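Structural overview for review
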Amino acid sequence: MREQLEQLVQLQEIDNQLLELKEERGNLPETVEKLRAEIEETTHLLDVRREELLNAGKERRRIEGEVEKAKVSLKKYQGQLFKVSTNREYDAITTEIEAAKSIISDGESQIIHLMGQEEELTETVQNLESHSETIKSDFETHDAELQEKIAETSDFEAKLREKRVTIVDELAKPIYAHYERIHMAKEDGMGVAQVFNGACGGCFAAIPPQKLMEVSTMSDFILCETCGRILVDPETIQMN
Ligand SMILES: [Zn+2]
């Protein structure tokens, strides 16, 4: 049991160092991830808006073509109107003229509407492009900083992780599982606590004398009743 407790203390020290490395990197990893996601989202939005702009332009040119055709027809029918000899012919041509006029007036108002849409979309695309430039350069700056920090510490971190694996292999599974649970749950990452002035060094709850005795002999695996941390005796196991 003493060996297991010593291994646990070593595990805790490794985890403390890993936590320190993580703190050194601060919120850079989150910032980089957020920026990466924002770039993706903006790029997607830009694609959508550019497509809409393209389609509005296509639709406007199609309608402009129809209006042009209707104008040509209108001229033709208006010319024919003076040459008709029957009422029936007159009515037929008048109907054609009305139809052409309606195509022209509907088309023109659609063109105006589409031009407004195109103007708005052009502005949106420009804004998105400039926003995209800003976040891309932001991302590059933060990512470079993060990569540098990772490069500085990656060898050390790899060694710590290697050592961690060796220790975990030697620990009894239920003991490691308990440690890991508390380690992950506590903000300070401490799954092991030293006894300090008869109290748990993690949560400062007083420990009953009988338990204190058991902790000092290190013959058993003793947990703090309040926080669940594994208690060790600082006299027998030194922690940094
Ligand atoms: Zn405690």
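None of the values given here were measured: they were computed from a predicted structure.

Each value, and the rule that gives it
- Residues numbered from 1 in each chain as written.
- Predicted model: local features only at pLDDT ≥ 70, side-chain atom pairs only at ≥ 80, totals over all residues.
- Heavy atoms only, no water.
- Helix = DSSP H or I, 4+ residues; strand = E, 2+ residues; numbered from the N terminus.
- Buried < 20%, exposed > 50% of the residue type's maximum accessible area, 1.4 Å probe, protein only.
- Contact = heavy atoms within 4.5 Å.
- Polar contact = N/O pair within 3.5 Å; in protein donor to acceptor, adjacent residues only side chain to side chain.
- Donors = N, O, S within 2.8 Å, 3.2 Å for Na, K, Ca; no water.
- Tetrahedral: all angles 85-135°; square planar, octahedral: opposite > 155°, others 65-115°.
- Core = buried A, V, L, I, M, F, W, Y, C linked by side-chain atoms within 4.5 Å.
- Patch = residues over 30% accessible without salt bridge, like charges linked within 9 Å, V, L, I, M, F, W, Y side chains within 5 Å.
- Areas by Shrake-Rupley, 256 points an atom, 1.4 Å probe, with all protein chains shown as cover.
- Salt bridge = Lys/Arg side-chain N within 4 Å of Asp/Glu carboxyl O.
- Lys, Arg positive; Asp, Glu negative; His and termini not counted.
- Charge placed at Lys NZ, Arg CZ, Asp CG, Glu CD.
- Domains from an automatic or database assignment.
- Axes fitted to C-alpha atoms, helices over the stretch in contact; angles between N-to-C directions.
- Parallel < 35°, antiparallel > 145°, perpendicular 65-115°, else oblique.
- Left-handed = near helix turned anticlockwise from the far one by under 90°.
- Nonpolar A, V, L, I, M, F, W, Y, C, P; charged D, E, K, R; others polar.

Considerations on the environment of Ser219
Tracing the sequence through the fold places Ser219 in the loop between α5 (209–217) and β3 (230–232). The class for Ser219 is exposed, based on a relative accessible area of 51%. When residues no more than four places from it in sequence are discounted, the contact partners of Ser219 are Met1 and Glu214. In terms of polar contacts, Ser219 uses its side chain to reach the side chain of Thr217, at 3.0 Å.

So, the side chain of Ser132
Checked against the element boundaries, Ser132 lands in helix α3 (residues 87–170). With residues up to four places along the chain from it excluded, the contact list for Ser132 reads Thr42 and Leu46.

Describing unusual backbone geometry
One non-glycine residue with positive phi stands out, namely Asn197, at about 50 degrees. Within the fold, Asn197 resides in the loop between β1 (192–196) and β2 (199–200). Taking relative accessible area as the criterion, Asn197 reaches 75% and is therefore assigned exposed. At Phe204, a position not held by glycine, the phi torsion is positive, near 65 degrees. Tracing the sequence through the fold places Phe204 in the loop between β2 and α5.

Structural notes on the coordination of the zinc ion
Ideal donor angles around a metal are set by the shape: a four-donor tetrahedron calls for 109.5 degrees, a six-donor octahedron for 90 or 180 degrees. Around the zinc ion, the protein contributes the donor atoms Cys200 (SG), Cys203 (SG), Cys224 (SG) and Cys227 (SG), at 2.2 to 2.3 Å from the metal centre. Given 4 donor atoms and angles of 103 to 113 degrees at the metal, the environment of the zinc ion is assigned as tetrahedral.

Concerning the nonpolar core
Core analysis: the largest hydrophobic core is formed by 19 residues, its most contacted members being Leu5, Leu8, Leu11, Leu171, Tyr179 and Val192. Contributing elements (two or more residues each) for this core: α1 (2–25), α3, α4 (173–185) and β3. When neighbours within four sequence positions are excluded, Leu11 is seen to be in contact with Arg164, Ile167, Val168, Leu171, Tyr176 and Tyr179. In this structure, Ile63, Val67, Ile97 and Ile104 belong to the second largest nonpolar core, which totals 12 residues.

Section: a negative patch on the surface
Taken together, the side chains of Glu20, Glu23, Glu24, Glu145, Glu148 and Glu152 make up a negatively charged region of the molecular surface. Counting residues per element, the ones that place at least two in the negative patch are α1 and α3. Tracing the chain through its elements places Glu24 in helix α1. On the accessibility criterion, Glu24 (47% relative accessible area) is partly exposed.

What to know about the domain arrangement of the chain
Segmentation of the chain into domains returns domain 1 (26–155) and domain 2 (173–232). Look at where the C-alpha atoms of domain 1 and domain 2 centre, and you get two points 66 Å apart.

A few points about the packing of α1 against α4
Packing of α1 against α4 brings their axes to within 11 Å, and their N-to-C directions diverge by 30 degrees. Viewed along their axes, α1 and α4 adopt a mutual orientation that is roughly parallel. Both α1 and α4 take part in a crossing whose hand is right-handed. Here α1 contributes Gln4, Leu8, Leu11, Gln12 and Asp15 to the contact with α4, which in turn contributes Ile175, Tyr176, Tyr179 and His183. In terms of residue class, the contact of α1 with α4 is built from 5 nonpolar, 3 polar and 1 charged.

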